[in-house]
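Listed below are the residues making up each chain.
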Amino acid sequence: MHDDFSSFFDFLPIGAYRSHPDGTMLRANPALVRINGYSTEAELLHAVRDIGSEWYVQPGRRREFMRLLARDGQVQGFVSEIHRHRTRERIWVREHAHALRDAEGRVRCYEGTVEDISDLEHSRDQVDRIADQVSGMVFRTVMQPDGTRIFSYVSRGVRELLGLTPEQVMADGNAIRRLWHPADAARVAAASEAARASGRTLSIEHRVLLADGSEKWLHVRSTPVHLTPQRSEYAGVVIDVTARKRAEARLLESNERWKLALNSTGDGVWDWNLQTGEETYSEQFLAMYGYTEADLAHNPRVLDSLTHPDDVPAMLRDREAHFSGRAPTYVNEHRVRCRDGQWKWVLSRGLVIERDAEGRPARMIGTHTDITARRQADALRMERDRAEAANQAKTQLLSRVSHELRTPLNAVLGFAQLLQRDLPPGSTATEWTGHILQAGRHLLDLVDEVLDLSAAQSGQLQLSLSDLSAEPLLEEAWSMVQAAPLTGRPPCSLVRDIPPALPPVRADRRRLLQVLVNLLSNAVKYNRPGGAVHVTLRADGPAIVFEVRDEGQGLTPEQIARLFSPFERLDAARRGIEGTGLGLSLSQQLAQAMGGTLSAHSAPGEGATFSLRLPWA
């Protein structure tokens, strides 16, 4: 590099180099040093042995570069993916190079520039990726005043659509035009010119003849993006609608058979002539709404006026989407007012089976299906889901609040026990402390039962099922009831009726014990003074039944209906009987979680009997 140009060489914002024909790097400016991940030119020159073989990602790219140099003496705009020499990171670059020769014409060295275009290639790749999602071809084209077309962008979908490459179309602006079907060519040319002259969007369907002799129907939509007297620039999309056109033709040929088949399903059939504005309806269609032909007057506007106002905008949008070719069929759900004034939900489906020479819809046929019952079922299902969500939110709130209560409650109980230990017996302070402890334990029981009930209702209850002998568990539960005396509880005895060789029960030991304690405790609390608690164990089919009966005043059918509701205590609070109102609700949840049931039956004056059924081991 001449000294006169050394400053320009060093401050050039893109990479510049001089290399020997064997690939050895002779000079590199700071920009090229940075591109290759080095700090100094000396580092780069020392590390590089053959920049050509060490640089390019794609095999054979170096050979193509050298072939162009040998043929033309220079290379212009050579785009490749390379490795940064030091880090091996992949980037995209654009190269320009030329050969320097001596007096005899021999190549002395190569000089060139390297520009990092990774961002540009990434942007183009993103555009290609987006365009690849379109079923067809995306394009951008410029139309000159003389009618010449120049394509600046063509997506890769043109290969599958027309059998051409993007490069072929961009190199020859008339490559697609030559594929137009002879019968459609004049119509398409006229429509294109009219759209260009008026500056409007072109939307048209026509046929093409491909190189293999096959025929396709295309829907072309081209929108102006920049219009001047000198040039008109458009962006658009071309979609293969062959399948739809063939389906339309088949439907047109068998129109009457199609109508008869639809009539047999009970759907209402309609046939709309868009050119005359006349619409005809099948008998089932009229019967669906209770109208006669005279009521609707064969006019689609009358039927549109019977559509619920809230549903009209969406119906018109879906209809226009099909008319313009954006949707293969017309599908919409809306309400129609019947003759008796009621609203009926219908699924309306239709298909344009005929278009005029300009591609505008000329005839459309379709059906109405009564979906009122389905819509009502959907509404009920949504209400159910909302109720379940609200119940779940309630359960989560109870669980969180209960957890938050335990910590301060344990502190209250602990300090109350310390106070009671240090106070003299029989003092007023000792009595007050006893009230604190009694109320605190009651509240702690409530918190524990709320937590258990929340876990059971949310399906988060942890169970450990095992084979258990029923009689020892019953005795243990009765001992626990006896060991925890309740204020005002009448003394009771336990009467057992337990057959020998009773099969074991399959249950969670702790939870079964919790249910039995609750049932026995209730039988004691609600018993008559001096009454007995009767417990019967028996096998019933594949289940073991625990029956607990008291000799209390019994329950009415209305009370039994409310018995297992959370926090339902009936008249227990009025009678001064302790409790939280959660025990039976929780016990029923626990029984169901263990695969069993808990039920109750009673009559006023005859006591109450609770039956717990659990499966055999």
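Up top is the structure these notes are about.
About the thresholds
Residues numbered from 1 in each chain as written. Predicted model: local features only at pLDDT ≥ 70, side-chain atom pairs only at ≥ 80, totals over all residues. Heavy atoms only, no water. Pairing = 2+ DSSP bridges. Helix = DSSP H or I, 4+ residues; strand = E, 2+ residues; numbered from the N terminus. Axes fitted to C-alpha atoms, helices over the stretch in contact; angles between N-to-C directions. Phe/Tyr/Trp six-rings, centres within 6.5 Å; stacked < 30°, edge-to-face > 60°. Buried < 20%, exposed > 50% of the residue type's maximum accessible area, 1.4 Å probe, protein only. Lys NZ or Arg CZ within 6 Å of the ring centre and 35° of its normal. Salt bridge = Lys/Arg side-chain N within 4 Å of Asp/Glu carboxyl O. Core = buried A, V, L, I, M, F, W, Y, C linked by side-chain atoms within 4.5 Å. Contact = heavy atoms within 4.5 Å.

*Asks:* So what about the sheet that holds strand S14 (residues 343-355)? Which residues, and what values?
*Replies:* The strand order across the open sheet formed by five strands is S12-S11-S15-S14-S13, and the pairing between neighbours is antiparallel. Two strands lie at the open edges of the sheet, namely strand S12 (278-281) and strand S13 (330-337), each paired on one side alone. Neighbour to neighbour, the strand axes of the sheet diverge by 25° on average, direction disregarded. Bridge count between strand S11 (residues 268-273) and S12: four bridges; the pairing is antiparallel. Bridge pairing links Asp271 to Thr280 in S12.

*Asks:* Explain the packing of aromatic side chains to me, using residue names and the numbers behind them.
*Replies:* Applying the stated criterion to the full structure yields six aromatic pairs. Arranged with centres 6.1 Å apart and planes meeting at 55°, the rings of Trp272 and Phe323 form a pair that is tilted. Placement of Trp272 in strand S11 and of Phe323 in helix H15 (residues 312-323) is noted, with a sequence separation of 51 residues between them. A relative accessible area of 12% places Trp272 in the buried class. These aromatic residues form a ring-pair network of at least three members: Tyr281, Phe285 and Tyr289. Here the basic side chain of Lys245 rests over the ring of Trp217, its NZ or CZ set 4.5 Å away from the ring centre.

*Asks:* Lay out the sheet that holds strand S8 (residues 202-209) with the relevant residues and their values.
*Replies:* A sheet is described by the order of its strands in space; here five strands give the open sequence S7-S6-S10-S9-S8, paired in antiparallel fashion. Every other strand in the sheet has two partners, leaving strand S7 (149-154) and S8 as the edge strands with one partner each. Neighbouring strand axes in the sheet, compared pairwise and without regard to direction, differ in orientation by 30° on average. Sheet analysis places S8 next to strand S9 (residues 215-227), joined by eight bridges and oriented antiparallel. Each residue of the ladder has a partner; that of Ser203, found in S9, is Arg221.

*Asks:* With reference to specific residues and values, describe the pattern of salt bridges.
*Replies:* Tallying each qualifying case throughout the model produces 40 salt bridges. A salt bridge links Asp72 to Arg71, with the nearest nitrogen and oxygen atoms 2.9 Å apart. Taking relative accessible area as the criterion, Asp72 reaches 43% and is therefore assigned partly exposed. We classify Arg71 as exposed; its relative accessible area is 55%. Several salt bridges share partner residues, and in doing so they unite Glu205, Arg244, Lys245, Glu248 and Arg355 into one network.

*Asks:* Help me get a handle on the environment of Gln592, residues and values and all.
*Replies:* Note that Gln592 resides in helix H21 (residues 583-593). Separated by 22 residues in the primary sequence, Gln592 and Leu614 place their C-alpha atoms 8.9 Å from one another.

*Asks:* Give a detailed account of the nonpolar core, specifying residues and quantitative values.
*Replies:* If you look at the biggest cluster of nonpolar residues, it comprises 41 residues, and the most contacted ones within it are Leu512, Leu520, Val533, Phe546, Phe610 and Leu612. Those elements giving two or more residues to this core turn out to be helix H18 (470-483), strand S18 (505-508), helix H19 (509-525), strand S19 (532-540), strand S20 (543-549), H21, strand S21 (597-602) and strand S22 (608-615). At nine residues, the largest contribution of residues to this core is made by H19. Not counting chain neighbours up to four residues away, the residues in contact with Leu612 comprise Leu512, Val515, Leu516, Ile544, Val545, Phe546, Ala591, Thr597 and Leu598. Membership of the second largest hydrophobic core comes to 24 residues, among which are Met25, Ala28, Leu69 and Val93.

By themselves, these figures tell us nothing about what the structure is for.
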